[in-house]
Amino acid sequence: NTDGEGFCLALEEATGETTMGKDVAILGAGGAARAIGAALIRTGLSSLVFINRSLENARRVQSAIGATAAIELGPEALHDLEVSVDLVVNTLPVAANPLLAALDLAPLPDHAVVTDINYQQAGPILLRRADSNGLMTLDGRGMFLWQAALSFERWTGVAPDLELGRTVLRMPG
C-alpha cells in the first residue's frame, strides 16, 4: 500500500526535513503502523520503537520490519526509551484516546514533531497536548493526500492535482 510512502512525503513536505538519522516512536502496531514503520526504516533512521497497548503485537511488528525496540503503552512509555525521540507517530484508533491523554510528553525535546494519522477526528487529543507543549504537530490530512495521490498515479498513470486535493482537505498550500 502507499500509506508509508505517503506518510514520509507528507512529513518531509511539512517539516522540510527527511527522517535520516532520527529517533522515531510509533504508537500502535496495526497495518498502518507497520507500513509507516517499514517506509521510515528505508529512510535511514537512527532508531525505531513501537509502543503499543499489546506488547506482543508491538514485538511482532518490531521483528517483522527490523525495528529497534518494542514497549507497552503506558503513561511513562516515553521515559522508558533509551533515546530522545525526534518524531512520534500515532496510528492508534480513537478508542485509545484515554491512554494518549495520560501519556507523559515531558521527555520529548523541543524540536520533536508529533503526528497523528487520523484525518477524520478534529483536533486529536495527542496533537492538542503536543501543541500546548510548544511542539510541532501534523495531522493525517497530508498522509491521506499523498497516499491517495500515489495510488491514483500508480493505477491510472496520471499525476493528480495536489492543489485540488489540498483544497478539498482544507490544507494550507
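Here goes a summary of the coordinates provided. (Residues numbered from 1 in each chain as written. Predicted model: local features only at pLDDT ≥ 70, side-chain atom pairs only at ≥ 80, totals over all residues. Heavy atoms only, no water.)

**Section: the overall build of the protein**
So, point 1. Tallying secondary structure elements over the protein gives seven helices and six strands in all.
So, point 2. Counted from the first residue to the last, the protein has its helices and strands arranged as α-β-α-β-α-β-β-α-β-α-β-α-α.
So, point 3. Over its C-alpha atoms the protein spans a radius of gyration of 15 Å, differing by no more than 12% from the 16 Å that the globule rule assigns to 173 residues.
So, point 4. With 173 residues in all, the protein has 47% of them scored as buried.
So, point 5. Long-range contacts, defined here as pairs at least 24 residues apart, represent 63% of the contacts in the protein between residues at least 6 apart.
So, point 6. Put simply, the protein shows about 8,600 Å² of open surface, and 52% of that area lies on carbon and sulfur atoms.
So, point 7. With 12 positive and 20 negative side-chain charges, the protein shows a separation of 6 Å between the mean positions of the two kinds. (Helix = DSSP H or I, 4+ residues; strand = E, 2+ residues; numbered from the N terminus. Rg over C-alpha atoms; globule rule 2.2 N^0.38 Å. Buried < 20%, exposed > 50% of the residue type's maximum accessible area, 1.4 Å probe, protein only. Contact = heavy atoms within 4.5 Å. Areas by Shrake-Rupley, 256 points an atom, 1.4 Å probe, with all protein chains shown as cover. Lys, Arg positive; Asp, Glu negative; His and termini not counted. Charge placed at Lys NZ, Arg CZ, Asp CG, Glu CD.)

**Considering empty space enclosed by the protein**
So, point 1. Evaluated as defined, the whole model comprises one cavity of 30 Å³ or more.
So, point 2. Volume-wise, the largest cavity comes out at about 40 Å³.
So, point 3. Lining of the largest cavity is provided by Phe7, Ala10, Thr115, Asp116, Ile117, Leu138, Asp139, Gly140 and Met143.
So, point 4. Its residues assigned to classes, the lining of the largest cavity shows five nonpolar, two polar and two charged. (1 Å grid on protein atoms, 1.4 Å probe; cavity = no way out; pocket = protein on both sides within 12 Å on 5 of 7 lines; lining within 4 Å. Points joined across faces, edges and corners; volume = space filled by probe spheres on them. Nonpolar A, V, L, I, M, F, W, Y, C, P; charged D, E, K, R; others polar.)

**Some remarks on the sheet that holds strand β2 (residues 47-52)**
So, point 1. Read across the open sheet, the six strands follow the order β3-β2-β1-β4-β5-β6; overall the sheet is parallel. Among the strands making up the open sheet, the edge pair consists of β3 (69-72) and β6 (136-138). Across the sheet, the axes of successive neighbouring strands diverge by a mean angle of 20°, strand direction being ignored. (Pairing = 2+ DSSP bridges. Axes fitted to C-alpha atoms, helices over the stretch in contact; angles between N-to-C directions.)

**Topic: the layout of surface pockets**
So, point 1. Computed from the structure, the largest pocket encloses a volume of approximately 210 Å³.
So, point 2. Lining the largest pocket we find 11 residues, and of these Glu13, Ala14, Leu138, Met171 and Pro172 sit closest to its centre.
So, point 3. At the level of elements, α1 (3-15) and α6 (141-156) are the ones that each hand at least two residues to the lining of the largest pocket.
So, point 4. Of all the elements, α1 adds the most residues to the lining of the largest pocket, at three residues.
So, point 5. A class-by-class count of the residues in the lining of the largest pocket yields five nonpolar, two polar and four charged.
So, point 6. Within this model, the second largest pocket holds a volume of roughly 160 Å³.
So, point 7. Looking at the lining of the second largest pocket, its residues break down into four nonpolar, four polar and three charged.

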